[in-house]
Amino acid sequence: MPRKPIHDRYCASVLFCPKLLPSIRGMALLTFLIVHPAIAWTAQPSTHDMALIPAGEFIMGSDKTDASGKSKEFGSAKPWYLDEHPQRKLRLPAFLIDKLEVTNTQYREFVIQNNYWLPAQWEKNGYLLTREILDSADVNKLRKFVAETLRLDIDTRTMSKEALLTAIEKHQKTLDNLPVTGVTWPNARDYCRWAGKRLPTEAEWEKAARGVDGREYPWGNQWEPSKLNAGSADNWETGVAPVGSYPSGKSVYGVHDMAGNVMEWVDDWYLPYPGSRHESAEFGSKNKVVRGGGWGGVGHYVVSHFYRGAYRFYLAPHSAFADLGFRCAKDVR
Ligand SMILES: [Ca+2]
């Protein structure tokens, strides 16, 4: 499928975009974005922010059962625990995994370098609009943009152009350290490849979250809502928190937000575990596994079950949601 130029996708939601086209400086940027169709696999591997997960066995899955019928009580899309069966010990070679979810800042570099698809949220929040582009818009367009598109809680009616630009830049900076969301599984895969990495396997993700002792949550076996962003207690403006905002909830390997904030794509198709007798019409090469639970909960319930390290969720690869992101992994050589 041909990739639409970035500015086509952006202009659909940015009020003053057509006015920008005569701008020489704006055109220079847009032309660069439009005529740069191939993904530049300029691998820039950086292991600085990755945790080393040592080789060895860990406990994957669980043998729990839903004896009290919680699954029905909460209207879950699938029965609880059954796709986690049977619990087993699995040996993995050493690998690296990002300590943090991939951020908007990191993903922006990838998008610009590759004329890549914009995450849906960016089309609404003006995240990719540069100062050069904004400079060429007149003050009334900027007022409308700030008030109606960004919906910032300020009175724009008497604001100067400079004040409006400052407000927009301030808003953009608040988005920098949020995890990128609205990305599909192919988007996540492509980003990780570009970064010289890859998506973690489901087993790698679970080991990085649970350690070797089969614990329920990254921090231990007790549910502690203060240790994650499950979207209930904290009033983060858009639901999602800056990455690494809950250091007390990190895993034994120092990997953050493995429970909550955004759900995370992993590499695997949703399949039964070896030796499982559980059957599901969702198994097969049609759904990718998603791990960790997000700030929006799963099925709109904030239930500790969905944030367990063994919990498996699944989505069609082209799904994109405001509480769905990813992180990357890498082989140790
Ligand atoms: Ca997460």
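Just so it is clear, the structure is predicted and the values come from calculations on it, not from any experiment. (Residues numbered from 1 in each chain as written. Predicted model: local features only at pLDDT ≥ 70, side-chain atom pairs only at ≥ 80, totals over all residues.)

Enquirer: Could you clarify how one ought to interpret the sheet that holds strand β4 (residues 95–98) in this entry?
Expert: The pairing of strands in a sheet happens through backbone hydrogen bonds and is either parallel or antiparallel. The strand order across the open sheet built from three strands is β1-β4-β9, with neighbouring strands paired in antiparallel fashion. Among the strands making up the open sheet, the edge pair consists of β1 (50–53) and β9 (329–331). Each adjacent strand pair in this sheet contributes to an overall mean axis angle of 25°, direction not counted. Bridge analysis of β4 against β9 gives three bridges, and the strand direction is antiparallel. Counterpart to Phe95 in the pairing with β9 is Asp331. (Pairing = 2+ DSSP bridges. Helix = DSSP H or I, 4+ residues; strand = E, 2+ residues; numbered from the N terminus. Axes fitted to C-alpha atoms, helices over the stretch in contact; angles between N-to-C directions.)

Enquirer: Help me understand unusual backbone geometry, please; the structure alone is not making it clear to me.
Expert: Backbone phi values are negative for most residues with the exception of glycine, while trans is the configuration of most peptide bonds. Geometrically, the link from His85 to Pro86 is a cis peptide bond, its omega value of -15° lying close to zero. By the secondary structure assignment, Pro86 is in the loop between α4 (70–73) and β3 (88–92). For Asn115, which is not a glycine, the phi torsion comes out positive at approximately 45°. Position of Asn115 relative to the elements: it lies in the loop between α5 (104–114) and α6 (120–125).

Enquirer: Sorry if this is basic, but what is going on with the nonpolar core here?
Expert: The tendency in soluble globular proteins is for nonpolar side chains to be buried as a group. Judged by nonpolar contacts, the single largest core of 64 residues is most densely connected at Ile97, Ala188, Tyr191, Leu199 and Ala208. Residue contributions to this core peak at five residues, all from helix α10 (residues 185–194). Mapping this core onto the domain boundaries places at least three of its residues in each of domain 1 (6–37 + 104–176) and domain 2 (50–103 + 180–331). What Ala208 contacts, discounting residues up to four positions off in sequence, is Ala51, Ile53, Ile97, Ser251, Tyr253, Val255 and Met258. (Core = buried A, V, L, I, M, F, W, Y, C linked by C-beta atoms within 7 Å. Buried ≥ 20, exposed ≤ 12 C-beta atoms within 10 Å, placed from the backbone. Domains from an automatic or database assignment. Contact = placed C-beta atoms within 7 Å.)

Enquirer: Help me understand the confidence of the model for the chain, please; the structure alone is not making it clear to me.
Expert: As a general rule, the predicted coordinates of low-pLDDT regions are not to be interpreted in detail. For the chain, the average pLDDT comes to 86, and 84% of its residues sit at 70 or higher. Below pLDDT 50 for its whole length, residues 11–16 participates in 16 contacts with residues either more than four positions away or in separate chains. A low-confidence stretch, residues 18–37 stays under pLDDT 50, and its non-local contacts, those more than four residues away or across chains, total 27 contacts. (pLDDT = per-residue confidence, 0-100.)

Enquirer: Is there a simple way to think about the pairing of β4 in this case?
Expert: The two faces of a sheet get side chains in turn, since along a regular strand they alternate between them. Where burial is concerned, the two faces of β4 agree: the one with Phe95 and Ile97 and the one with Leu96 and Asp98 are both buried. Across four bridges, β1 lies against β4 in antiparallel orientation. Residue pairing in the sheet places Leu52 in a bridge with Leu96 of β4.

Enquirer: Please clarify how the sheet that holds strand β6 (residues 288–291) should be interpreted in this entry.
Expert: Reading across from one edge, β7-β6-β5-β8 is the order of the four strands in this open sheet, with mixed pairing throughout. Two strands lie at the open edges of the sheet, namely β7 (313–315) and β8 (324–326), each paired on one side alone. Neighbouring strand axes in the sheet, compared pairwise and without regard to direction, differ in orientation by 50° on average. As paired strands, β6 and β7 are joined by three bridges and run antiparallel to one another. Each bridged residue has a counterpart across the sheet, and for Val290 the counterpart in β7 is Phe313.

Enquirer: Explain helix α11 (residues 202–210) here, please?
Expert: Given 3.6 residues per helical turn, the α-helix brings residues three or four places apart onto the same face. Burial runs high along α11: eight of the nine residues are buried. Within α11 the residues assigned to the buried category are Glu202, Glu204, Trp205, Glu206, Lys207, Ala208, Ala209 and Arg210. Just downstream of α11, Gly211 is the residue with a positive phi angle, here 70°.

Enquirer: So what exactly am I meant to see when it comes to α10 here?
Expert: The set of residues buried in α10 consists of Trp185, Asn187, Ala188, Tyr191, Cys192 and Trp194. Just downstream of α10 lies Gly196, where phi reads positive at about 75°.

Enquirer: What is the right way to read the environment of Ser226 from this model?
Expert: Topologically, Ser226 is positioned in the loop between α11 and β5 (263–269). Ser226 sits 20 residues away from Tyr246 along the chain, and the two C-alpha atoms are 8.0 Å apart.

Enquirer: Looking at this model, I keep getting lost on the environment of Val290. Mind explaining?
Expert: In this fold, Val290 is placed in strand β6. For the pair formed by Val290 and Phe313, sequence separation is 23 residues and the distance between their alpha carbons is 5.0 Å. Contacts of Val290, omitting those with residues within four sequence positions, involve Met263, Glu264, Trp265, Phe313, Tyr314, Leu315 and Leu324.

Enquirer: Help me understand the packing of helix α8 (residues 139–149) against helix α9 (residues 161–176) in this model?
Expert: Working note: a packed helix pair is described by the angle between its axes plus the distance between those axes. Closest axis-to-axis distance for the α8/α9 pair is 10 Å, and the angle between their directions is 35°. When you trace α8 past α9, the crossing you get is left-handed. Between α8 and α9, the residues in contact are Val139, Leu142, Arg143 and Val146 and Lys161, Leu164, Ala167 and Ile168, respectively. Here the contact of α8 with α9 is composed, by residue class, of six nonpolar, no polar and two charged. (Left-handed = near helix turned anticlockwise from the far one by under 90°. Nonpolar A, V, L, I, M, F, W, Y, C, P; charged D, E, K, R; others polar.)

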